[in-house]
Amino acid sequence: QVRLVESGGGLVQPGGSVRLSCVASGNIFSITHMAWYRQAPGKERELVARINSGGSTNYADSVKGRFTISRDNAKNTVSLQMNSLKPEDTAVYYCNVGRFQSLQYWGQGTQVTVSS
């Protein structure tokens, strides 16, 4: 099994920046993709950004040009740099990690609130 622990969330003003981090521990061999999802009240969980083992990335249209996902394979860590934040970015952000071809694991989530 894999344990995922997110950190870095909090309250930030519109236009500000936040960096989220997720550290994987436990049975961490054969990790493939690492990703960030988010869920706002009353809305479905959505993919924010994803990075595969080779470093290729995917972003939701709403965050392109503002968010950057990266990973450190040696430290089993994935990060999300969030710039130019908007109130609509307010959500619980979840770390997601895949192993082998089909196994997936989720963190408990970290709250990001963008407000004046």
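Everything that follows concerns the structure shown earlier in this document.
Let me begin by describing the structure that accompanies this report. (Residues numbered from 1 in each chain as written. Predicted model: local features only at pLDDT ≥ 70, side-chain atom pairs only at ≥ 80, totals over all residues. Heavy atoms only, no water.)

### A closer look at the overall build of the protein
The line we're drawing: Here a helix means four or more residues in a row that DSSP labels H or I, a strand means two or more in a row labelled E, and each is numbered from the N terminus. Between the two quantities, the radius of gyration covers C-alpha atoms and the globule rule is 2.2 Å times the number of residues to the power 0.38.
Of regular secondary structure, the protein possesses 0 helices and 11 strands. Written out in order from the N terminus, the α and β elements of the protein read β-β-β-β-β-β-β-β-β-β-β. In terms of C-alpha radius of gyration, the protein reaches 14 Å, essentially the compact-globule figure of 13 Å for 116 residues. Taken along the three principal axes of its C-alpha coordinates, the protein extends 40 × 25 × 25 Å.

### Quick word on the sheet that holds strand E3 (residues 18-26)
Defined as follows: Pairing between strands is defined by DSSP: at least two bridges between them are needed. Think of each axis as a best-fit line through the C-alpha atoms, taken over the contacting stretch in the case of a helix, with angles from 0 to 180 degrees between the N-to-C directions.
Strand order in the open sheet made by the 4 strands is E1-E3-E8-E7, with antiparallel pairing throughout. Only two strands of the sheet have a single neighbouring strand rather than two, namely strand E1 (2-7) and strand E7 (67-72). Strand after strand, the sheet turns through a mean of 15° between neighbouring axes, direction not considered. Pairing of E1 with E3, which is carried by 6 bridges, proceeds in the antiparallel orientation. Each bridged residue has a counterpart across the sheet, and for Arg 3 the counterpart in E3 is Ser 25.

### Structural notes on the pairing of strand E11 (residues 110-114)
So the rule is basically this: Per-residue accessibility, obtained with a 1.4 Å probe over protein chains only, is compared with the maximum for each type, and a residue is labelled buried under 20%, exposed over 50%, and partly exposed between these values.
Every second residue of E11 is oriented toward a common face, the buried set being Thr 110, Val 112 and Val 114 and the non-buried set Gln 111 and Thr 113. Examined bridge by bridge, strand E2 (residues 10-12) and E11 share 3 bridges and lie parallel to one another. Paired with Leu 11 across the bridge in E11 is Thr 113. When strand E9 (residues 91-99) meets E11, the two strands line up antiparallel, connected through 3 bridges. Within E11, the residue paired with Val 92 across the bridge is Gln 111.

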